[in-house]
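Notes for the structure review
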Amino acid sequence: MQDIKHKMAINHIDIEERIQRACDQASRNRKDIELIAVSKRQDPERIQKSLENGVRCFGENQVQEALARWQPIKALYPDLCLHLIGSLQSNKAADAVSLFDVIHTIDREKIAKVISLEMKKQNKQLPCFIQVNTGYESQKSGIEPRFAADFVKLCMNDYALPIVGFMCIPPANEDASPHFAFLNKLASKAGLKLLSMGMSADFEDAIRLGSTHIRVGSALFGDRTS
Ligand SMILES: *Cc1c(COP(=O)(O)O)cnc(C)c1O
């Protein structure tokens, strides 16, 4: 049986090499890209070994699952950085603001409002991304691209949210690159600097197209348990 800690380290080195290569090809600096290790629905042992290997930046898509996993060990790793990358319900806003360090999924006014209230209450200012539904998919969360710039203004002016960038999840079974290019254009228009885009299958394209936050799960940890 292969040692899990070793396997996690090898995967990480492989991803790092691919990130560096994509940066070189795009004449970008590795330091301008954050690698978020997406730990949702992964075996706790894989996460533990990654922590031991020095990984500190993780992404989760479910507030309850993330709380159960991270709350007990958060104090042991003061430099941990947790990113919420899944859609938010208003009744989870308090837990989300207390656990996470960055929120990628502000996608409607109601959520902007409750997150803003919670941040005031907890005296926190978490950097937030707005999720944009670049594929106009009815089942997917995210603001429609044509409303994105106005929604940025609403979030910043009416709710004082620290909006730092846009996030997207391109439609499955489609070339992601046009979506990445589109999101990049939308962000420039809205005056935003950061882009949360790119997953295991397409993070190199995302880097080429300006991503600053790549969210990589299965390529780092292996297949999820469900
Ligand atoms: C699960 C998930 C990822 C990671 O997906 P992989 O294909 O395993 O890299 C990235 N972003 C979001 C929003 C996710 O839900």
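Residue numbering note: each chain is counted from 1, following its sequence as written. Under the rules for a predicted model, residues below a pLDDT of 70 receive no local features and side-chain atom pairs below 80 are neither given nor counted, while totals for whole chains, interfaces and linings still include all residues. Note that water and hydrogens are dropped before the side-chain values are worked out from all heavy atoms of the structure.

Comments concerning unusual backbone geometry
The phi dihedral of tyrosine 136 is positive, around 45°, even though this residue is not glycine. Along the chain, tyrosine 136 turns up in the loop between β5 (128-131) and α6 (148-158). In this scheme, a residue with accessible area under 20% of its type's maximum is buried, one over 50% is exposed, and one in between is partly exposed, where area comes from a 1.4 Å probe on protein chains only. Taking relative accessible area as the criterion, tyrosine 136 reaches 48% and is therefore assigned partly exposed. Even without glycine at this site, alanine 160 takes up a positive phi of about 55°. Relative to the helices and strands, alanine 160 resides in the loop between α6 and β6 (163-167). Helix and strand definitions here come from DSSP, where helices need a minimum of 4 consecutive H or I residues and strands a minimum of 2 consecutive E residues; each element is numbered from the N-terminal end.

Regarding the pairing of β5
Here β5 shows two buried faces, one formed by Cys128 and Ile130 and the other by Phe129 and Gln131. Here, strands pair whenever DSSP counts at least two bridges between them. Taken together, the 2 bridges between strand β4 (residues 102-106) and β5 define a ladder with parallel strand orientation. Across the sheet, isoleucine 106 pairs through a bridge with isoleucine 130, a residue of β5. Here a crossover is taken to be right-handed if, once the strands point away from the viewer, the path from the first strand over the helix to the second is traced clockwise. As a crossover connection, the stretch from β4 through helix α5 (residues 109-121) into β5 is right-handed.

Remarks on the confidence of the model for the protein chain
Mean pLDDT for the protein chain: 97, with 99% of residues reaching 70 or above. Per residue, pLDDT measures the predictor's confidence, with a range of 0 to 100. Model confidence for the protein chain, summarised as mean pLDDT per element, is weakest for helix α3 (residues 63-74) at 96 and strongest for strand β7 (residues 194-196) at 99.

A word on the packing of helix α1 (residues 4-25) against helix α2 (residues 44-52)
Packed helices, taken two at a time, are described by the angle between their axes plus the distance between the axes. Between α1 and α2, the shortest axis-to-axis distance is 9 Å and the interhelical angle comes to 65°. As summarised for this structure, α1 and α2 are arranged roughly perpendicular, according to the angle between their axes. In the crossing of α1 with α2, the sense of the turn from one axis to the other is right-handed. Contacts between α1 and α2 involve Ile4, Lys5 and Met8 from the former and Glu45, Arg46, Lys49, Ser50 and Glu52 from the latter. The nonpolar class holds Ala, Val, Leu, Ile, Met, Phe, Trp, Tyr, Cys and Pro. Asp, Glu, Lys and Arg form the charged class, and all remaining residues, Gly among them, are polar. Taken together, the residues of the contact of α1 with α2 sort by class into 2 nonpolar, 1 polar and 5 charged. To get an axis, fit a line to the C-alpha atoms, keeping to the stretch in contact for a helix; angles then go from 0 to 180 degrees between the N-to-C directions. In what follows, roughly perpendicular refers to angles from 65 to 115 degrees, roughly parallel to angles under 35, roughly antiparallel to angles over 145, and oblique to any angle outside these ranges. Helix crossings are classified by the rotation of the near helix relative to the far one: an anticlockwise turn of less than a right angle makes the crossing left-handed, while a clockwise turn makes it right-handed. Any two residues whose heavy atoms approach within 4.5 Å at even a single point are treated as in contact.

Examining the packing of α2 against α3
Their axes nearest at 12 Å, the elements α2 and α3 cross at an angle of 35°. Crossing hand, α2 versus α3: right-handed. Two secondary-structure elements touch here, α2 through Pro44, Ile47 and Leu51 and α3 through Arg69, Trp70 and Ile73. A class-by-class count of the residues in the contact of α2 with α3 yields 5 nonpolar, no polar and 1 charged.

A look at α1
Between its terminal C-alpha atoms α1 stretches 32 Å, which fits the 32 Å expected from 22 residues at 1.5 Å a residue. Where α1 is concerned, the buried positions are Met8, Asn11, Ile15, Ile19, Ala22 and Cys23. The arc enclosing the buried residues of α1, seen along the axis, measures out at 110°, which places them on a common side. Along α1, exposed side chains directed more than 90 degrees from the buried face belong to Asp24 and Gln25. Immediately downstream of α1, the backbone of serine 27 shows phi near 50°, a positive value. A helix is expected to span 1.5 Å multiplied by its residue count minus one. Each direction from the helix axis to a C-beta atom contributes to the arc, which is the arc of those directions.

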